[in-house]
Structure formats: C-alpha cells, structure tokens
Amino acid sequence: MQKEPSVGQTVIQALTEEQLAHLLDVLLDKEPEDLRHKLPLLDQETARTVEHVVTRHRAGSAEDQASSVLSRDKLKEVWDGLWERWNRAVAQLGDDEGSYSVQEVHWDPPYFDGFSLSLDLDEIAEQMLPYLEQAFESFHESELFSGALIDIEESIAEYPEWMGVEHEEPVTLGPCATQCLLKWIWKDAGLSEDQGWSFLDSLKSLCNTLEMIELDAPECGRFVASLPVESAQKIYQHFQIFWENTEREVLASPWIHLRDALNRRFSHEDYLATCKFHLDSNWLYGLDLIDDSLSKQDYDAAEAWLSKTSASYLLMPIESGWLPEQSLFIDHAQLISLKEREDIDRLFQAWITAEHHLENSLRCAAAELQRSVFNYQFQVDRVLDACQAFKTPEARETLEPLLQAWKDHLAFLSGFTPDTEGTEGDWSWLHWLIEARREGQEHVFQTKIQDWLEQLTGKAELTRSDYDTLSCLTLDLNHISEFGQRCPKLIHVLDMDNPDYHLEEELISERQALLSRFASDDLVQLTMNVWESCLHLLVPDPSTARKSNYMPHAKWLKALEEVNPSACQAVLQTWQQTHRRRRNLWQALRETEVNAETGKQ
C-alpha cells in the first residue's frame, strides 16, 4: 500500500524553490526562544543543522553565510554525487572508443588524451574542496584519494597495447585534485602518533606506486606553505630523511617543491643556497635572491642577481648576465602564462628599484621602458609616453635602440619582413606611423607612405616582396574607410590568404586607430593603384593547385575582374591556351561567377 505523502512533501511539490525559500524565511523568523522550543520536534541532526544555519545567519557576516553548512545527510548526498561524477569519468578509461581516446583523422590510430582527463577531474575536485574537511570528519575513508589515483593508473593500463599509452607523458593532476589529495593525506596522517612522518610516508608510498600519474608539483609546495607554522614544522623535522632517500631526477618532482617551501620557512640560508645553485636551470629562484638583497639594501648585489636572473629566463649564460639596455626583453619571451607575467613584472619593478637607489638613471630608464613594453606592447601611446618621460640626450640615446627593436617587433607580429636581413631604421609603414605619433609629424608619414606606394605601382617584383605589408595595409584600410565597398572580392582573398592576420586583435585595433589618425584622404586610391597595376601578376597559377582544387585561383581571378577587368580577360585568354583541359578550373570559375566566356571549350 502506497504511503500517503506528508504535508511537507505536498508543499514541496506545490511550490518553486524560491517560494519554498521564502516560506522558510517566514517560518524561521522567530524569536530564539520560540525556535528553540520547536527544534526538539525534529531529529537531532536536522535540529542541529537548522540551529547552526539560523544562528550564523543572524550573527555572522556575508562571508560567514557564504560558507556551506550542511546536514550529514545533505553532505553525503553532495559528496556521493561528486564521486559519482568522478567515477563516471574514470569509467571511460581503458576503452579505445571512450571519451579520452581521441582520433583526429580516420587514418591515424587513436591516442590517450590525458590532458582532458586532468581538466575534467580537476573541475570535480574544485567542487569537492569546500566539503572536504566536513566529509573527512563525517565519513572518513582512509586513503580515499590515493586509492582513487591508483584506480586511475590501473584503468589507464587497460588501453590496448597498440595505443602505446605507456610511452606517453604521465597525466599531471590539476591543482585542485592535487590539493584534495594532499589535504586528505594530511587529515588522515593526523590520526597517527606522528602526523608529519605519516604524511611524508604516505606521500612517498603513493609517488613510488604511480607511474602514469604525477601530482601538480608547485601545488605541493603551496600546500606546505599554507599550513600553520606548527603543522609545517611537523613535516620539516622529518623531511631531511625523506629527501636523502628520494630519487630526484626531474625539477618538477614534488619533493623539490616541498623542500623549497619548508626551507623558505625554517632554514632561510639553506633556501638561498639552493636558489644560487639552481638559478641557471630555474630563473624563478632569482626572485628570492633579489628580494633578499633588496631587503638588506644591498643594491649592488641586487643588480648582480637581477642580471643573472634575467639571463636565466632568456636562456643566456647567467655569468654573462643581461641588462635592460642590452636588448628588447619581449623579443625573447615565448607563450607567457598569467602567473609568469606577474613574476616578470616583479622582476622589472626590482630592476627599477635597484637602479634608482644606485642612481643609475639610464639603466633605470631602460628598465622602465622594458616594463612598459612588456605590459603594454601593443598600446603605442602608453609605450611612447613612457619614453617621453626621459628627455635628456643621454636617455634618448640609450632608449633609441630599444624603441627601434619594439617597432620591429610590432612589424614582425603584423607579418611584415624587411627587404634584406639586418635592415636598420624604419622600414615599414607601421614604423612611419609610430614615428608620426611620437614626433607629431603627420606630413612625414603621409610623404613616406605615398612614396612607397608610388614605387610599388606597376612594379610586380617590388609588390611581391612587399606583399604582406601591402596586404595588411589594405585590410586595415578596409576597416577605417570605404575600401571594402569598392572591392569586396579583393578584401576576401587577402583575408583568406593571411590566416595570421587576426592573431593579435589588440595590435590590429591599435594599427587601425593610428592609421585613421594619420592617413591622408588619397591613401585608399594610392593603394588601389598598386593593386590595379600588379594584381594580375599575383594571381596564382593553376598548375600549382593541389588535388585539382582551383577555388582559390578562381577567387583570385574574381578579385582581379573586380579591380582590373581587362587584365582579368588577358589572364583568362592565357589560361585558355595553357589550362583548357583542367575542367575543374573552369567549373570553379563558373561557380565564382567569373566572366569566363573566353575560356569555354
């Protein structure tokens, strides 16, 4: 016989969550004494949770209210739900048709995508973190996360041998998953007589067991650094024994990060010795050497460490060093993460501080310009304003090579290349544009770009060599003028032929903003003159087509028809003689609506 629903269940079914919340607000808005008389009617766990929530809500701050207070049953529901998601992800492992087996093209075998696995698990672990301590206290399961990682390791090993998973790089856990593991091991170790020893022993045992999974090593250091002093001290007093008996073959080893975090707190001199010894292989060690020198007001030592640290980052011999006036820093920087950007900015701030105290105004100026270029490399006004702050002839002479290197840097990122290697001075319209902003000489820019375009007009070889520069100018003009309305097909093929054009959106916006400020009214026509006179010589030859794909050739010819119809017909007549048997070519021309009557067989 089906049990009749209670009045509470009936109300839940009848109201929305928002209405239920409002109902509870009304019912619970009682005097503390009134509420205390009602709570005994509930079961003990429910009463305790309600009293806890209401008390905190009445007395606590918004931050207190944001932290979760859950009944044991609700916590179990949330915790089990998160582990269910974790286990569903792990269940996909070992299957060559599962979610983490990726086949990019049908003729290549699938491969194991450990990066996606790490991201998925870390997203779940991030949601576990707020409940972890309460879950440990409520339903502790020894080695919960360690066992989960071993399960993952065993599941990865189930992939077919032909996938060669064992030869791939280990899966690196994300920071949240690593933090969950370490927190659980630490809490678990707290049940033993010696928490520090038990923590290290459990961590070492796990690391020795895992082969296809590794922890987020920097997160291990951050975990120890975040522990209260007395807790970290428990680990430190045993760490040396574990350090001496642990293989340390790679810099990413969690033991290295544990060592550094502990020495930084409890043995500063040992930590500085480590920094000096390993500076050539890890430039970040230099930041602490610099901070130590600055804290002692030893600015000569700080400058020496700044030079070596910068060289280490730039992969130069650290004994040779690097100085801010020496070369443009961003020319050597590659794929900088957000955290690394913060560290590099910290490095430049230290350069400025040290050189200011050493009264080395020229090197200080170079450091300030380097920092401005690093942080705002595409913002021309900000970089030039930073340079204008130093007006002495000596400062200008020091900064001029760096400014030139910065202009070259922006030109290279725009896809420009000089006519010859080692070209010095301002060699592109972007250089002239920046100088116009710097010196306020609009007429100089207009004269130079007009002279350049007039030199290109009718000269196919020059246009070929400057094609990327001319193409970029045309695409930028399309955004600030009516150029595209006059020849949309030309704009289409130029955009199609320059896949890298959109890579640096901020640089594109800055170029176009400057161009709109300094371009003359007749610049569009001068640019069009070049295309009218030379485009027919830039149309690709159909004999270069791959697998009879002539659509790009047809689109180029359509652009030529738009810009110079008579030249287009001349090309068609030539193709009729040399490519009349390429049926796919004439089909592509018909599809792009080129007037190809002369090309019919």
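Trainee: Which residues make up the overall build of the protein, and what values go with them?
Mentor: Looking only at helices and strands, the protein has 32 helices and four strands in total. Within the span of the protein, comprising 601 residues, buried residues form 44% of the whole. As displayed, the protein has an accessible area near 33,000 Å², and 49% of this comes from carbon and sulfur atoms.

Trainee: Could you give an account of the confidence of the model for the protein, naming the residues involved and the relevant values?
Mentor: Chain-level statistics for the protein give a pLDDT mean of 87 and a share of 86% at 70 or above. In the predicted structure, residues 61–67 sits below a pLDDT of 50 and forms five contacts with residues beyond four places in sequence or in another chain.

Trainee: Would you mind going over the packing of aromatic side chains in detail, with residue names and values included?
Mentor: Under the counting rule described, the total for this entry stands at 28 aromatic pairs. Ring centres of Trp-432 and Trp-452 lie 6.4 Å apart, and the angle between their planes is 75 degrees; this geometry places the pair in the edge-to-face category. Remark: Trp-452 occurs in helix H23 (residues 442–456) and Trp-432 occurs in helix H22 (residues 429–439); sequence separation between them is 20 residues. Residue Trp-452 is classed as buried on the basis of its relative accessible area of 9%. Through a chain of ring-to-ring contacts, three or more aromatic side chains come together here, namely Trp-283, Tyr-313, Trp-322, Phe-329, Phe-348, Trp-351 and Phe-374. Geometry around Phe-374 places Arg-341 over its ring, the cationic atom sitting 4.4 Å from the centre.

Trainee: Can you break down the environment of Glu-397 residue by residue, with the values?
Mentor: Along the chain, Glu-397 turns up in helix H21 (residues 393–413). When its relative accessible area of 62% is taken as the criterion, Glu-397 is described as exposed. Sequence spacing of Glu-397 and Leu-362 is 35 residues, and the spatial spacing of their C-alpha atoms is 9.5 Å.

Trainee: How would you summarise unusual backbone geometry if you had to cite specific residues and measurements?
Mentor: Positive phi outside glycine occurs at Glu-143, with the angle close to 55 degrees. Note that Glu-143 resides in the loop between helix H8 (132–138) and helix H9 (144–156). One non-glycine residue, Ser-548, lies in positive phi territory at about 60 degrees. Among the secondary structure elements, Ser-548 is positioned in the loop between helix H29 (523–534) and helix H30 (551–563).

Trainee: Mind laying out the pattern of salt bridges, listing which residues take part and the relevant values?
Mentor: One pass over the structure, following the stated rule, counts 26 salt bridges. The shortest N-O distance in the salt bridge between Arg-222 and Glu-219 comes to 3.0 Å. Pair noted here: Arg-222 and Glu-219 are both in helix H12 (residues 217–226), with a separation of three residues, about one helical turn. Given the relative accessible area of 45%, Arg-222 is considered partly exposed. Ionic contacts of the salt-bridge type, sharing partners, join the residues Arg-396, Glu-400, Lys-407, Asp-426, Glu-435, Arg-438 and Glu-439 into one network.

Trainee: So what about the packing of helix H15 (residues 268–278) against helix H16 (residues 285–295)? Which residues, and what values?
Mentor: At a minimum axis distance of 8 Å, the contact between H15 and H16 shows a crossing angle of 125 degrees. In this view, H15 runs oblique relative to H16, as classed from their interaxial angle. Note on packing geometry: the crossing formed by H15 with H16 is left-handed. Between H15 and H16, the residues in contact are His-268, Tyr-271, Leu-272, Thr-274, Cys-275, Lys-276 and His-278 and Tyr-285, Asp-288, Leu-289 and Asp-292, respectively. Tallied by class, residues from the contact of H15 with H16 come to five nonpolar, three polar and three charged.

Trainee: I'd like a description of the packing of helix H11 (residues 195–209) against helix H13 (residues 229–244), backed by residues and values.
Mentor: Contact pair H11 / H13: the axes reach a minimum separation of 7 Å and the direction vectors enclose 45 degrees. Considered as vectors, H11 and H13 are oriented oblique to each other. The interaxial crossing formed by H11 with H13 has right-handed handedness. Residues Gln-195, Gly-196, Trp-197, Phe-199, Leu-200, Asp-201 and Lys-204 of H11 touch H13, and the partners they reach there are Lys-234, Ile-235, His-238, Phe-239, Ile-241 and Phe-242. Along the lines of polarity and charge, the residues of the contact of H11 with H13 split into seven nonpolar, three polar and three charged.

Trainee: How would you summarise a negative patch on the surface if you had to cite specific residues and measurements?
Mentor: Residues Asp-451, Glu-454, Asp-521 and Asp-522 make up a contiguous surface patch of negative charge. Along the chain, the position of Asp-521 falls in the loop between helix H28 (505–518) and H29.

Trainee: Account for helix H20 (residues 380–388), with residues named and values stated.
Mentor: Buried within H20 we find Val-380, Val-383, Leu-384 and Cys-387. Each buried residue of H20 sits inside an arc of 95 degrees when the element is viewed along its axis, so together they form one side. If you follow the buried residues of H20, they end up packed against helix H19 (361–375), H21, H22 and H28.

Trainee: Any details on H30? Residues and values, ideally.
Mentor: Spanning 13 residues, H30 covers 18 Å between terminal C-alpha atoms, matching the ideal 18 Å at 1.5 Å per step. Turning to H30, its buried residues are His-553, Ala-554, Trp-556, Leu-557, Lys-558, Ala-559, Leu-560, Glu-561 and Val-563. Here the buried face of H30 lies against helix H25 (467–480), helix H27 (488–497), H29, helix H31 (565–578) and helix H32 (583–591).

Trainee: Quick rundown of the side chain of Ser-428? Include the residues and the values.
Mentor: Along the polypeptide, Ser-428 turns up in the loop between H21 and H22. Polar contacts involving the side chain of Ser-428 include one to the side chain of His-431, which spans 2.7 Å.

Trainee: Any details on the side chain of Ser-327? Residues and values, ideally.
Mentor: Looking at where Ser-327 falls in the secondary structure, it is placed in the loop between helix H17 (299–313) and helix H18 (338–357). Residues in contact with Ser-327, not counting those within four places in the same chain, are Trp-322, His-332, Gln-370 and Leu-402.

Criteria and thresholds
Residues numbered from 1 in each chain as written. Predicted model: local features only at pLDDT ≥ 70, side-chain atom pairs only at ≥ 80, totals over all residues. Heavy atoms only, no water. Helix = DSSP H or I, 4+ residues; strand = E, 2+ residues; numbered from the N terminus. Buried < 20%, exposed > 50% of the residue type's maximum accessible area, 1.4 Å probe, protein only. Areas by Shrake-Rupley, 256 points an atom, 1.4 Å probe, with all protein chains shown as cover. pLDDT = per-residue confidence, 0-100. Contact = heavy atoms within 4.5 Å. Phe/Tyr/Trp six-rings, centres within 6.5 Å; stacked < 30°, edge-to-face > 60°. Lys NZ or Arg CZ within 6 Å of the ring centre and 35° of its normal. Salt bridge = Lys/Arg side-chain N within 4 Å of Asp/Glu carboxyl O. Axes fitted to C-alpha atoms, helices over the stretch in contact; angles between N-to-C directions. Parallel < 35°, antiparallel > 145°, perpendicular 65-115°, else oblique. Left-handed = near helix turned anticlockwise from the far one by under 90°. Nonpolar A, V, L, I, M, F, W, Y, C, P; charged D, E, K, R; others polar. Patch = residues over 30% accessible without salt bridge, like charges linked within 9 Å, V, L, I, M, F, W, Y side chains within 5 Å. Lys, Arg positive; Asp, Glu negative; His and termini not counted. Charge placed at Lys NZ, Arg CZ, Asp CG, Glu CD. Arc of directions from axis to C-beta. Expected span 1.5 Å × (residues − 1). Polar contact = N/O pair within 3.5 Å; in protein donor to acceptor, adjacent residues only side chain to side chain.

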